[in-house]
Amino acid sequence: MTGFTEIDGVLHADNVPLTQIAAEYGTPTYVYSASEIKKQYDALAGAMQKALPADRQPLLCYACKANSNVAILSYLRSLGCSLEIVSEGELKRGLKAGFKAEQIVSTGVGKQRSEIIAALEAGIHQFNVESLPELEHIDQIAGEIGKKATIVFRLNPNVSGGGHHKISTGRRRDKFGISEDSIYGAYQIAAEMENVEPVGLSVHIGSQVFTVESFKTAFSKLPDIVNNIRAQGNTVTRLDIGGGFPIVYKDEKLLDLDRYAEWVRDIILPLDTEIIMEPGRYLVGNAGALLSEVLYVKETHDQDFLVLDAAMNDLIRPTLYEAYHGIEAVENRDRPEHNYDVVGPICETGDTFTQGRDLPEMKQGELAVIKSAGAYGYCMASNYNTRGRPAEIFVHEGKSYVIRARETLDEIIDQDTVPDFLSA
Ligand code: LLP
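Residues numbered from 1 in each chain as written. Predicted model: local features only at pLDDT ≥ 70, side-chain atom pairs only at ≥ 80, totals over all residues. Heavy atoms only, no water.

Notes on unusual backbone geometry
Here comes step 1: Along the chain, threonine 27 connects to proline 28 via a cis peptide bond; the corresponding omega equals -5°.
Here comes step 2: Mapped onto the elements, proline 28 comes out in the loop between α1 (18-25) and β4 (29-33).
Here comes step 3: With a phi angle near 45°, asparagine 332 is a residue other than glycine that sits in the positive phi range.
Here comes step 4: Inspection of the secondary structure puts asparagine 332 in the loop between β16 (327-329) and β17 (337-343). (Helix = DSSP H or I, 4+ residues; strand = E, 2+ residues; numbered from the N terminus.)

Describing the site of the ligand
Here comes step 1: Around the ligand, 19 residues are found, and the nearest of them are Ser207, Glu278, Arg281, Arg317 and Tyr376.
Here comes step 2: Glycine 280 is positioned such that a nitrogen or oxygen atom in its backbone is 2.9 Å from an oxygen atom of the ligand.
Here comes step 3: In the model, an oxygen atom of the ligand is placed 2.6 Å from a nitrogen or oxygen of the tyrosine 376 side chain.
Here comes step 4: Most atoms of the ligand, that is more than half of them, are within 2 Å of grid points of the largest pocket.
Here comes step 5: Here the residues of the shell around the ligand are counted per class, giving six nonpolar, seven polar and six charged.
Here comes step 6: Residues from two domains meet in the shell around the ligand; each of domain 1 (4-32 + 285-413) and domain 2 (34-281) gives at least three. (Near = heavy atom within 4 Å. Polar contact = N/O pair within 3.5 Å; in protein donor to acceptor, adjacent residues only side chain to side chain. 1 Å grid on protein atoms, 1.4 Å probe; cavity = no way out; pocket = protein on both sides within 12 Å on 5 of 7 lines; lining within 4 Å. Sits in = over half its atoms within 2 Å of the grid points. Nonpolar A, V, L, I, M, F, W, Y, C, P; charged D, E, K, R; others polar. Domains from an automatic or database assignment.)

Section: the domain arrangement of the protein
Here comes step 1: Under the domain assignment used here, the protein contains domain 1 (4-32 + 285-413) and domain 2 (34-281).
Here comes step 2: The distance between the C-alpha centroids of domain 1 and domain 2 comes to 32 Å.
Here comes step 3: In this assembly, 24 residues from domain 1 lie in contact with 22 residues from domain 2.
Here comes step 4: When domain 1 packs against domain 2, close to 2,000 Å² is buried across both sides, 55% of that on carbon and sulfur atoms.
Here comes step 5: Counting the contacts that link domain 1 with domain 2 gives zero salt bridges.
Here comes step 6: Run the count over domain 1 and domain 2 and you get nine residue pairs in polar contact (both at pLDDT 80 or more).
Here comes step 7: Within the residue set of the side of domain 1 that touches domain 2, elements represented by two or more residues are α12 (317-321), β20 (391-396) and β21 (399-404).
Here comes step 8: Looking at the side of domain 1 that touches domain 2, the element that brings in the most residues is β20, giving four residues.
Here comes step 9: Per-class residue counts for the side of domain 1 that touches domain 2 are 11 nonpolar, eight polar and five charged. (Contact = heavy atoms within 4.5 Å. Buried area = accessible area lost by both parts, 1.4 Å probe. Salt bridge = Lys/Arg side-chain N within 4 Å of Asp/Glu carboxyl O.)

Details of a negative patch on the surface
Here comes step 1: Together, Asp410, Glu411, Asp414 and Asp416 line one region of the surface with negative charge.
Here comes step 2: On the secondary structure map, glutamate 411 appears in helix α13 (residues 409-413). (Patch = residues over 30% accessible without salt bridge, like charges linked within 9 Å, V, L, I, M, F, W, Y side chains within 5 Å. Areas by Shrake-Rupley, 256 points an atom, 1.4 Å probe, with all protein chains shown as cover. Lys, Arg positive; Asp, Glu negative; His and termini not counted. Charge placed at Lys NZ, Arg CZ, Asp CG, Glu CD.)

With respect to the packing of helix α8 (residues 213-220) against helix α10 (residues 257-268)
Here comes step 1: In contact at an axis separation of 10 Å, α8 and α10 are set at 10° when each is read in the N-to-C sense. As summarised for this structure, α8 and α10 are arranged roughly parallel, according to the angle between their axes. Facing Glu213, Phe215, Lys216, Phe219 and Ser220 of α8, the residues of α10 in contact are Arg259, Tyr260, Trp263, Val264, Ile267 and Ile268.
Here comes step 2: Of the residues belonging to the contact of α8 with α10, the class tally is seven nonpolar, one polar and three charged. (Axes fitted to C-alpha atoms, helices over the stretch in contact; angles between N-to-C directions. Parallel < 35°, antiparallel > 145°, perpendicular 65-115°, else oblique.)

Observations concerning the sheet that holds strand β1 (residues 4-7)
Here comes step 1: Taken together, three strands build an open sheet; the order of strands is β1-β2-β3 and the sheet is antiparallel. Looking along the sheet, the strands with just one partner apiece sit at the ends: β1 and β3 (16-17).
Here comes step 2: Examined bridge by bridge, β1 and strand β2 (residues 10-13) share four bridges and lie antiparallel to one another. Note that in β2 the partner of isoleucine 7 across the bridge is valine 10. (Pairing = 2+ DSSP bridges.)

Some thoughts on the layout of surface pockets
Empty space left among the atoms is revealed by rolling a probe the size of a water molecule over them.
Here comes step 1: In this structure, the largest pocket spans a volume of roughly 710 Å³.
Here comes step 2: Residue lining of the largest pocket: 35 residues in total, with Lys65, Thr169, Phe176, His204 and Tyr376 positioned closest to the centre.
Here comes step 3: Put simply, the parts of the chain that give the lining of the largest pocket at least two residues each are α11 (281-284) and α12.
Here comes step 4: When we break the lining of the largest pocket down by domain, the ones giving at least three residues each are domain 1 (4-32 + 285-413) and domain 2 (34-281).
Here comes step 5: Here the second largest pocket defines a volume of roughly 250 Å³.
Here comes step 6: Looking at the second largest pocket, it is lined by 17 residues, and the ones nearest its centre are Val248, Asn286, Glu328, Lys371 and Ser372.
Here comes step 7: Of all the secondary-structure elements, those providing two or more residues to the lining of the second largest pocket are α2 (34-51), β14 (288-299), β16 and β18 (352-360).
Here comes step 8: In terms of residue class, the lining of the second largest pocket is built from seven nonpolar, five polar and five charged.
Here comes step 9: When we break the lining of the second largest pocket down by domain, the ones giving at least three residues each are domain 1 (4-32 + 285-413) and domain 2 (34-281). (Points joined across faces, edges and corners; volume = space filled by probe spheres on them.)

Below, the structure is given as structure tokens:
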């Protein structure tokens, strides 16, 4: 059995009972299913293989902001992924996971000097540039260290996409990209610079884009723009069409990958460029779950609460984006339901995973699992309330591996330093 499945009444990850993982490693703990990651990779790569000729396959650059554990990166590399990064830290993680620099694309609206230098020294595939000041900065730094930076410009297509306003990136008013009216001038400036080489465009309209026609709308802006840039006498040899593929958290309609691949075939392929994609959530989102213990069942006149040992510092999506995550009992899964608010121990009302949800009636000490937490879960965790971040466990072919140990309190507290005059 693959992914998260029930076997003999107990939820398993790739054939390992979650009860066993909790007993061995404690809770709260992130658990990842290797087979689910592979299933998603195969679906995306497969749709592209079906729609596009063998010599025009896209570079699938995993957007590792979704989950940057080096073991997850190594696994995705072994499957055939390249990498999209947004920081020097992600570059280091990627190189440690064995990605070649030529497989790495650097994006983000505020690249800093040290990360530009690190990426240039490593020799990454390209920088996706978001503004003229950033272009000038890259040109200047590349000149200083004797490198030439390959760049594409991120187009802001003024297309709304994204499952929540905070993760929609393609609207004119958003901080991302360069609008069509400014992109020609920017391209010309870059073409005349000594230390950068503009080779194309990128577009990424948002994350968890379930109004899937938005992809098509954004793609449809590219042919005219590419042709205009070429008419200027400049070359366009790469198009990076971003990420944003949605997953099912509750009952969302999934993107039909074959349809998406047809849009790529019909709109992007004829432009005769290298094609780059940046999927994040799609590859890892449903492959992860946050395993947790019910600390208390608190009954009040107004509402009953399941108080978990997991909290908003472990998984912030529900409170930050009002995001829905499935919550399930790990054992005895077909018992009668009861209405709960599911909350964590942190001292604010926002530390709530869900309100008023019918769930199997649960008891103190039982295990609950918060699903679809493989993307933007651990990587957004914090030490709020001086809580150590959870352990991360990777399950592959019936065996579990610690890929990140639970953070100890000493590890957190020892990083504070007290000036001498205040020492006890
Ligand atoms: N490329 C760029 C330039 C991006 O900014 C992102 C995500 C991706 C690719 C990958 O998007 P994906 O395929 O994962 O949708 N923390 C939020 C999501 C933030 C997404 C940021 N950028 C959440 O928990 O929903």
